[in-house]
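Next come the chains, spelled out residue by residue.
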Amino acid sequence: MMRPRFFQQIGTQYGYNLYMGRPVELVMNTQALVVNYSEQITDVSVLAMDRDEGEIYDLVLVTSGERFFGAVSIRRCYSLLLMYGLKWRFL
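Reading the values: rules and limits
Residues numbered from 1 in each chain as written. Predicted model: local features only at pLDDT ≥ 70, side-chain atom pairs only at ≥ 80, totals over all residues. Heavy atoms only, no water. Buried < 20%, exposed > 50% of the residue type's maximum accessible area, 1.4 Å probe, protein only. Helix = DSSP H or I, 4+ residues; strand = E, 2+ residues; numbered from the N terminus. Arc of directions from axis to C-beta. Pairing = 2+ DSSP bridges. Axes fitted to C-alpha atoms, helices over the stretch in contact; angles between N-to-C directions. Phe/Tyr/Trp six-rings, centres within 6.5 Å; stacked < 30°, edge-to-face > 60°. Core = buried A, V, L, I, M, F, W, Y, C linked by side-chain atoms within 4.5 Å. Contact = heavy atoms within 4.5 Å. Right-handed = clockwise from strand over helix to strand, strands pointing away.

Q: Outline helix α3 (residues 41-49), supporting the account with residue identities and numerical values.
A: All buried positions along α3 are accounted for by Ile41, Val44, Ser45 and Ala48. End-on view of α3: buried residues confined to an arc of 100°, all on one side of the axis.

See the structure below:
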């Protein structure tokens, strides 16, 4: 559940009454981008940009095997892409 989407849905006229105390599945994105931590940053970046326009800035969820490893923002993802891309260019 991404924070902006949560507040957008809860902040409507009836949103609070509709969603509070109910399962999170009603407001969460069930098709979030989930990648393994061993994925190449270039591949993750392409997958992130192939998402729907409303989901481009959602976090990328990272797993290690079957376990949740962490979440990466698109800003961090592209910072890593630029850092490694520049390193590869000068090697």
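Q: Outline the sheet that holds strand β3 (residues 67-72), listing residues and values.
A: Spatially, 3 strands are ordered β1-β2-β3 in an open sheet, and the strand pairing comes out mixed. Two strands close off the open sheet at either side, each with one partner strand: β1 (34-36) and β3. Strand-to-strand, the axes of this sheet are offset by a mean angle of 35°, without reference to chain direction. One ladder, built from 3 bridges, connects β1 with strand β2 (residues 60-64); its direction is parallel. Each residue of the ladder has a partner; that of Asn36, found in β2, is Thr63.

Q: Can you tell me about the packing of aromatic side chains, naming the residues and giving the values?
A: In the structure shown here, the tally under the stated rule is 1 aromatic pair. Residues Tyr37 and Phe69 carry aromatic rings whose centres are separated by 5.4 Å and whose planes lie at 25° to one another, so their mutual orientation is stacked. A residue pair is termed long-range when its members are at least 10 positions apart, and Tyr37 in the loop between β1 and α3 and Phe69 in strand β3 qualify at 32 residues.

Q: Explain the nonpolar core residue by residue, including any values.
A: Counting residues in hydrophobic clusters, the biggest one holds 10 residues: Leu33, Val35, Ile41, Val44, Ala48, Val60, Val62, Ile74, Cys77 and Leu80. Taken together, the elements giving at least two residues each to this core come down to α3, β2 and α4 (74-90). Leaving out residues up to four positions away in the same chain, Val35 has contacts with Val44, Leu47, Val60, Leu61, Val62 and Thr63.

Q: Explain the pairing of β2 to me, using residue names and the numbers behind them.
A: Taken together, β1, α3 and β2 form a β-α-β motif whose crossover is right-handed. Direction of pairing for β2 relative to β3: antiparallel, over a ladder of 5 bridges. What sits directly across from Val60, in β3, is Val72. Remark: 2 residues form the turn of the hairpin made by β2 and β3, two consecutive strands paired antiparallel; Gly65 in that turn has positive phi of roughly 70°.

Q: I'd love a proper account of the side chain of Asp58, names of residues and values included.
A: Tracing the backbone through its elements, the reader meets Asp58 in the loop between α3 and β2. Given the relative accessible area of 9%, Asp58 is considered buried. Setting aside anything within four residues of it in sequence, one finds Asp58 in contact with Met2, Arg5, Asn29, Arg51 and Ile74.

Q: So what's going on with the environment of Val72? Which residues, and what values?
A: Mapped onto the elements of the fold, Val72 is located in strand β3. Along the chain, Val72 and Leu82 lie 10 residues apart, while their C-alpha atoms are 15 Å from each other. Ignoring sequence-local partners within four residues, the contact set of Val72 consists of Leu59, Val60, Val62 and Cys77.

On their own, these measurements won't tell you what the molecule is for.
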